[in-house]
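So the chains spell out like this:
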Amino acid sequence: MKAMKIIGGLIVAIAVLAFFSIFIVKEVNQAIVLQFGDPKRIISKPGLNFKIPFIQNVVYLDKRILNLDTPPEEVIASDQKRLIVDAFARFQIIDPLKFYISVGNERVARSRLATILNSRIRNVLGQQELQTLLSEDRSKQMALIQEGVNKEAQNFGIKINDVRIKRADLPQANSDAIFRRMQTEREREAKEFRAKGAEMAVTITSTADKEVTVILADAEKESQIMKGEGDGQRNKIFAEAFGQDPEFFAFYRAMQAYEKALIGGETSLILSPDSEFFKFFGNIKPKIQQQ
């Protein structure tokens, strides 16, 4: 019975030693084996590994590409224009030993990189005009920023894979001023367009009125010509017709005169009975009596 207890105790001790001696490195990690804080081994390949229990410990570091988001930073361009820049970077731990010795862990590394990145952004973008920072040339400035940050990050065993600007905005006061200036400019352009439109409308209206006057004058002229020609043709026809019987022509003209003089029913004429105006009144009666 005592031997069984001893064997059981040995099994437990071996299990405990195995538990504290074996460690696994995953595909996304790399490990540093420390002995009383002193690095002994660097393990970058995934798999099962061993360490001295209670004496050695393991620190795991991520070997994937990591993201670094920095808080928005105000940058003053070379033309003294202000710009709020929100940038981010991607980095990777390529030298675990140097990384551990220089910064110790990922939290400290992110803080140091953020400081370096913001400083480099102010340094590079501060030498450019605002128009350049908002144009396609911004990619060149990003390359310069990445190059500068990468040189300092190498001291930490870190490689900077990319630096990008997520957003570049003007400060709120500048944005409001620019908006007001743009609004004023648009209003000025609108007034110019309306003034030009009114001028064009007056010109078109005047031209149309002139054309209408000319057309009406031409039409009136043509109508008078046609009327004159018609009257001439009528008089010609009358002359030819009445020339065949002058007495009838005189009688017809007298009837027209009677019609115009006596129309309305209230016309009063004081004439001598033997007036030329009434000569046909005397001629009619004998003809009626003769009939």
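Remember, it's a predicted structure, so these values are computed and weren't measured experimentally.

Peer 1: Account for the overall build of the chain, with residues named and values stated.
Peer 2: Helix and strand counts for the chain come out as eight helices and nine strands. Out of the 291 residues in the chain, the part that is buried amounts to 23%. In the chain, of all internal contacts separated by at least 6 residues, the share reaching a separation of at least 24 is 63%. As presented, the chain carries roughly 20800 Å² of accessible surface, and 57% of it is formed by carbon and sulfur atoms.

Peer 1: Could you give me a rundown of the sheet that holds strand S3 (residues 38-43), with the residues and numbers involved?
Peer 2: If you trace the three strands from one edge of the open sheet to the other, you get S3-S2-S5, paired in antiparallel fashion. The open sheet has two edge strands, S3 and strand S5 (56-62), and neither has a second partner. Strand-to-strand twist in this sheet, taken as the mean axis angle between neighbours without regard to direction, amounts to 30°. Bridge count for strand S2 (residues 29-35) against S5 is seven bridges, and the pairing is antiparallel. Residue pairing in the sheet places Ile-32 in a bridge with Val-59 of S5.

Peer 1: Explain the pairing of strand S7 (residues 73-76) residue by residue, including any values.
Peer 2: A one-sided burial pattern is seen for S7, the buried positions being Glu-73 and Val-75 and the unburied ones Glu-74 and Ile-76. Two strands pair when backbone bridges link them, and S7 and strand S8 (residues 82-93) are joined in this way by four bridges, in the antiparallel orientation. Residue Glu-74 lies in a different strand from S8, and its bridge partner there is Ile-84. Hairpin remark: S7 followed by S8, antiparallel, with five residues in the connecting loop; positive phi at Gln-80, about 65°.

Peer 1: Outline the side chain of Thr-70, supporting the account with residue identities and numerical values.
Peer 2: Following the sequence through the fold, Thr-70 ends up in the loop between strand S6 (66-69) and S7. A polar contact is formed between the side chain of Thr-70 and the backbone oxygen of Ala-87, at a distance of 3.0 Å. For Thr-70, the residues in contact, after removing those within four places along its chain, are Asp-86, Ala-87, Ala-114, Leu-117 and Asn-118.

Peer 1: Tell me what's going on with unusual backbone geometry, and back it up with residues and numbers.
Peer 2: A negative phi holds for most residues other than glycine; trans holds for most peptide bonds. Residues other than glycine seldom take positive phi values, yet Phe-36 does so here, at roughly 55°. One can find Phe-36 in the loop between S2 and S3. One non-glycine residue, Phe-54, lies in positive phi territory at about 65°. Following the sequence through the fold, Phe-54 ends up in the loop between strand S4 (47-50) and S5. Assessed through its relative accessible area of 61%, Phe-54 is described here as exposed.

Peer 1: Could you give an account of helix H5 (residues 138-153), naming the residues involved and the relevant values?
Peer 2: Its 16 residues place the ends of H5 22 Å apart at the C-alpha level, agreeing with the 22 Å of an ideal helix rising 1.5 Å per residue. Residues of H5 that are buried include every one of Gln-141, Met-142, Ile-145, Gly-148, Val-149, Asn-150 and Ala-153, and no others.

Peer 1: Please provide a residue-by-residue account of helix H3 (residues 106-125), values included.
Peer 2: Along its 20 residues, H3 runs 28 Å from first to last C-alpha, staying within 8% of the 28 Å computed at 1.5 Å per residue. Every buried residue belonging to H3 is among Ala-109, Leu-113, Ala-114, Ile-116, Leu-117, Asn-118, Ile-121, Val-124 and Leu-125, and all of these are buried. Looking at where H3 begins, the residue whose side-chain oxygen comes 3.1 Å from the main-chain nitrogen of Arg-107 is Asn-105.

Peer 1: So what about the pattern of salt bridges? Which residues, and what values?
Peer 2: Here the structure, examined in full by the defined rule, presents 12 salt bridges. Taking the shortest distance from any N to any O, the salt bridge between Lys-166 and Asp-69 comes out at 3.7 Å. On the criterion of sequence distance, the pair formed by Lys-166 in strand S9 (residues 158-169) and Asp-69 in strand S6 is long-range, its members being 97 residues apart. In this structure, Glu-185 engages Arg-188 in a salt bridge whose closest nitrogen and oxygen atoms are separated by 2.3 Å. Here Arg-188 and Glu-185 lie together in helix H6 (residues 172-242), a separation of three residues that amounts to about one turn.

Peer 1: Lay out the packing of H3 against H5 in plain terms, naming residues and giving numbers.
Peer 2: Here H3 crosses H5 at 140°, and the two axes come no closer than 9 Å. Relative to H5, H3 is oriented oblique. Crossing of H3 against H5: the hand is right-handed. Counted together, Leu-113, Ile-116, Leu-117, Arg-120, Ile-121, Val-124 and Leu-125 of H3 and Gln-141, Met-142, Leu-144, Ile-145, Gly-148, Val-149, Glu-152 and Ala-153 of H5 form the full contact between these two elements. Residues belonging to the contact of H3 with H5 are distributed by class as follows: 11 nonpolar, two polar and two charged.

Peer 1: Could you give an account of a nonpolar patch on the surface, with specific residues and numbers?
Peer 2: A cluster of nonpolar side chains, contributed by Val-12, Val-16, Leu-17, Phe-19, Phe-20, Phe-36, Ile-52, Phe-54 and Ile-55, occupies part of the molecular surface with about 920 Å² of accessible area. Structurally, the position occupied by Leu-17 is in helix H1 (residues 2-21).

Peer 1: An account of the confidence of the model for the chain is needed here, citing residue identities and associated values.
Peer 2: With 82% of its residues at a pLDDT of at least 70, the chain reaches an overall mean of 81. Within the model, the stretch residues 284-291 combines pLDDT values under 50 with one contact to residues more than four positions away or in other chains.

How each quantity is defined
- Residues numbered from 1 in each chain as written.
- Predicted model: local features only at pLDDT ≥ 70, side-chain atom pairs only at ≥ 80, totals over all residues.
- Heavy atoms only, no water.
- Helix = DSSP H or I, 4+ residues; strand = E, 2+ residues; numbered from the N terminus.
- Buried < 20%, exposed > 50% of the residue type's maximum accessible area, 1.4 Å probe, protein only.
- Contact = heavy atoms within 4.5 Å.
- Areas by Shrake-Rupley, 256 points an atom, 1.4 Å probe, with all protein chains shown as cover.
- Pairing = 2+ DSSP bridges.
- Axes fitted to C-alpha atoms, helices over the stretch in contact; angles between N-to-C directions.
- Polar contact = N/O pair within 3.5 Å; in protein donor to acceptor, adjacent residues only side chain to side chain.
- Expected span 1.5 Å × (residues − 1).
- Salt bridge = Lys/Arg side-chain N within 4 Å of Asp/Glu carboxyl O.
- Parallel < 35°, antiparallel > 145°, perpendicular 65-115°, else oblique.
- Left-handed = near helix turned anticlockwise from the far one by under 90°.
- Nonpolar A, V, L, I, M, F, W, Y, C, P; charged D, E, K, R; others polar.
- Patch = residues over 30% accessible without salt bridge, like charges linked within 9 Å, V, L, I, M, F, W, Y side chains within 5 Å.
- pLDDT = per-residue confidence, 0-100.

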